[in-house]
Amino acid sequence: MLLRVENLSKSFPVEFSVFGKPTKFLRALYEVSFEVEAGSIFSIVGESGSGKSTIARILSGIYKASGGQIFYNEKPLEDPSKNRDIQMVFQDPDTSLDPRKTVSFIVEEGLRIQNTVSKRERRRLVLDIVRSVGLTEEVLVKYPHQLSGGQKQRVAIARSLVLKPKLLILDEPTSALDVSVQAQILNLLVELKERYQLTYILITHDLKIVNHLSDHTMVMYLGQIMEIGRTEDIIHKPLHPYTKALLESVPKPGLDNLSKFSIKGEIPSPLNPPKGCPFKTRCPLCFERCQEKPELVDLDNRKVRCHLYKREV
Ligand code: ADP
Ligand code: MG
């Protein structure tokens, strides 16, 4: 297994006493476990606030986990910020690219910090990678604001790829882009994955993308795994009412076996999450048992957290 995550938890202190001691925490992740096979695409889906970016930030060393363990190539990964094999592409290139720096400076930066190759070699690597993301060398002297949205995201991809990662975490890589450009960037990512033998963690709320691209899918809600398994099973035979609701919200899904589900109401505040099942306030099938917190149980080739299903014996 390239990556194995066990019981990852994260709490953010959100209120402090006058002495600066945290008095209130927001739990963004509750014991999240999953594995990513080398060469595969692992998707994380869920509405905004479900903890997807927090997972990405922990894996790339931006946040420190509050609990749990990460194994990379089956070895404990104590400090992900030191592991260059894992790189991240952020959702919005407008905030992730420094507006005061040229493309050439931005793409070269990681190599400069690493300081393992000569200046000349760095220039060559930058030019190579800029070309392989479908840009021409003219962009090297430009600033981000002189580029289109799609070009900026290509620069962001180049900046990560120049460090020769094995695992690329793509946090909603196309959601800030025009619909017409989204497909181009996705096609590019597929092509780059083959060319550089990459593994992807793809974070998205767009289940159409998941369906086409990914091998395994994890559905998150308020920091917890609701359902996890092979993408095919999750998309074509969803078990959790939340997964069904998410699929129902996909326009023209062209997917069968969907009953009438739709997500009711607002997502509860993670500062004050429902007791018992986190989805109970919006679930069309909620019953008495949902006052208790459901466990994640193995069922039908996947894991699902819902009282409608019992553990297979
Ligand atoms: P997603 O990417 O699924 O939209 P996030 O991982 O960004 O979700 O956020 C999960 C929860 O953690 C949200 O409620 C968010 O407000 C909270 N959160 C994320 N980062 C921080 C932070 N640095 N400080 C406090 N709360 C945070
Ligand atoms: Mg996010």
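This text follows the structure it describes.
A quick note: this is a predicted structure, and the numbers were derived from the prediction, not measured.

### What about the nonpolar core?
Val107, Val130, Val133, Val155, Ile157, Leu161 and Tyr200 are the most contacted members of the largest nonpolar core, which totals 36 residues. For this core, the elements supplying multiple residues, two or more each, are helix H3 (103–114), helix H4 (119–132), helix H5 (149–161), strand S7 (167–171), helix H6 (179–195) and strand S8 (199–204). Here this core gets six residues from one element, more than from any other, and that element is H6. Grouped together as the second largest cluster of nonpolar side chains are 27 residues, Leu59, Leu77, Ile86 and Met218 included.

### Let's talk about helix H1 (residues 52–59)
Among the eight residues in H1, six count as buried, and that is most of the element. Turning to H1, its buried residues are Lys52, Thr54, Ile55, Ala56, Ile58 and Leu59. Trailing H1 by a residue or two, Gly61 shows a phi angle of about 85°, which is positive.

### A closer look at the pattern of salt bridges
Per the stated rule, a full pass over the model turns up 23 salt bridges. Among the ionic pairs, Glu121 bridges to Arg124, the shortest N-O distance being 3.0 Å. Residue Glu121 and its partner Arg124 are both found in helix H4; the two are separated by three residues, about one turn of the helix. When its relative accessible area of 28% is taken as the criterion, Glu121 is described as partly exposed.

### Regarding the site of ligand 1
Of all residues adjacent to ligand 1, which total 13 residues, the nearest are Gly49, Lys52, Ser53, Thr54 and Pro270. At 3.1 Å from an oxygen atom of ligand 1 is found a main-chain nitrogen or oxygen belonging to Ser50. Contacts to ligand 1 include Tyr63, whose side-chain N or O atom sits 3.1 Å from a nitrogen atom. For ligand 1, whose free accessible area comes to 560 Å², the fraction covered by protein is 71%. Counting only elements with at least two residues in the shell around ligand 1, the list comes to strand S2 (22–36) and H1. Considering each element in turn, the shell around ligand 1 owes the most residues, three residues, to H1.

### Some remarks on the pairing of strand S4 (residues 67–72)
Successive residues of a regular strand alternate their side chains across the two faces of the sheet. In this structure, strand S1 (residues 3–16) lies alongside S4, joined through five bridges in antiparallel fashion. Residue pairing in the sheet places Val5 in a bridge with Ile70 of S4. Where S4 meets strand S5 (residues 75–76), two bridges bridge the pair, whose relative direction is antiparallel. Within S5, the residue paired with Tyr72 across the bridge is Lys75. In textbook terms, the turn of a hairpin is the stretch between consecutive antiparallel strands, and for S4 and S5 this stretch comprises two residues, one of which, Asn73, has a positive phi near 50°.

### Some points on H4
With 14 residues, H4 extends 20 Å from end C-alpha to end C-alpha; this agrees with the ideal 20 Å at 1.5 Å per step. Of the positions making up H4, those classed as buried are Arg122, Leu125, Val126, Ile129, Val130 and Ser132. Down the axis of H4, the buried side of the element spans an arc of 160°, and every buried residue falls inside it. In the core, the buried residues of H4 are packed alongside H3, H5 and H6. Residue Gly134 follows H4 closely and has a positive phi angle near 85°.

### Description of the sheet that holds S4
Strand order across the open sheet formed by four strands is S2-S1-S4-S5, with antiparallel pairing between neighbours. Each edge of the open sheet carries a strand with a single partner, namely S2 and S5. Across the sheet, H1 lies against S1, S2 and S4, angled at about 75° from S2, the strand it touches most.

### Some remarks on the packing of aromatic side chains
The way to describe two aromatic rings as a pair is by their centre distance and the angle between their planes. For the structure on display, the rule yields five aromatic pairs. Residues Tyr221 and Tyr242 carry aromatic rings whose centres are separated by 4.6 Å and whose planes lie at 55° to one another, so their mutual orientation is tilted. A residue pair is termed long-range when its members are at least 10 positions apart, and Tyr221 in strand S9 (residues 216–221) and Tyr242 in helix H9 (residues 241–248) qualify at 21 residues. Taking the relative accessible area as the measure of exposure, Tyr242 reaches 0% and is therefore buried. Seen from their ring centres, Tyr242 and Phe279 are 5.0 Å apart, and the 65° between their planes marks the pair as edge-to-face. With Tyr242 in helix H9 and Phe279 in the loop between H9 and strand S11 (297–299), this residue pair connects regions lying 37 residues apart in the sequence. In terms of burial, Tyr242 and Phe279 fall into one category: buried. Aromatic ring contacts, followed pair by pair, group Tyr221, Tyr242 and Phe279 into a single cluster. When the ring centre of Phe71 is taken as origin, the NZ or CZ atom of Arg4, which lies over that ring, is 4.5 Å away. Over the face of the ring belonging to Phe105 we find Arg112, whose NZ or CZ atom lies 3.9 Å from the ring centre.

Conventions used here
- Residue positions are counted from 1 within each chain, in the order its sequence is given.
- Written order decides the labels, with chains lettered from A and ligands numbered from 1.
- Totals for whole chains, interfaces and linings use all residues, but because this is a predicted model, local features are given only for residues with pLDDT of at least 70 and pairs of side-chain atoms are given and counted only at 80 or more.
- Only hydrogens and water are set aside; all other atoms, that is, all heavy atoms of the structure, feed into the side-chain values.
- To define a nonpolar core, start from buried Ala, Val, Leu, Ile, Met, Phe, Trp, Tyr and Cys residues and group those joined through side-chain atoms within 4.5 Å.
- Throughout this description, buried means an accessible area under 20% of the type-specific maximum (1.4 Å probe, protein chains only), exposed means over 50%, and partly exposed covers the range between.
- Going along the chain from the N terminus, every DSSP run of H or I of four or more residues is numbered as a helix, and every run of E of two or more is numbered as a strand.
- One side-chain nitrogen of Lys or Arg within 4 Å of one carboxyl oxygen of Asp or Glu is enough to make a salt bridge.
- Proximity criterion: a residue is near a molecule or strand once any of its heavy atoms comes within 4 Å of it.
- N or O atoms closer than or at 3.5 Å make up a polar contact, with two conditions inside protein: a donor-capable atom paired with an acceptor-capable one, and, for residues adjacent in sequence, both atoms drawn from side chains.
- Where accessible areas are quoted, they stem from the Shrake-Rupley method and a 1.4 Å probe; at the residue level, only the protein chains shown are allowed to cover.
- Here a strand pair is declared whenever DSSP counts at least two bridges between the two strands.
- Expected helix span is given by 1.5 Å per residue-to-residue step, counting one fewer step than there are residues.
- Think of the arc as the fan of directions from the helix axis to the C-beta atoms.
- Should any heavy atoms of two residues lie within 4.5 Å, those residues are considered in contact.
- Axes here mean lines fitted to C-alpha atoms, for a helix over just the part in contact, with angles spanning 0 to 180 degrees between N-to-C directions.
- Pairing of aromatic rings covers Phe, Tyr and the six-membered ring of Trp, with a centre-to-centre limit of 6.5 Å; geometry is then stacked below 30 degrees between planes, edge-to-face above 60, and tilted otherwise.
- Remark: a charge is flagged as sitting over a ring if the NZ atom of Lys or the CZ atom of Arg is within 6 Å of the ring centre and within 35 degrees of the ring normal.

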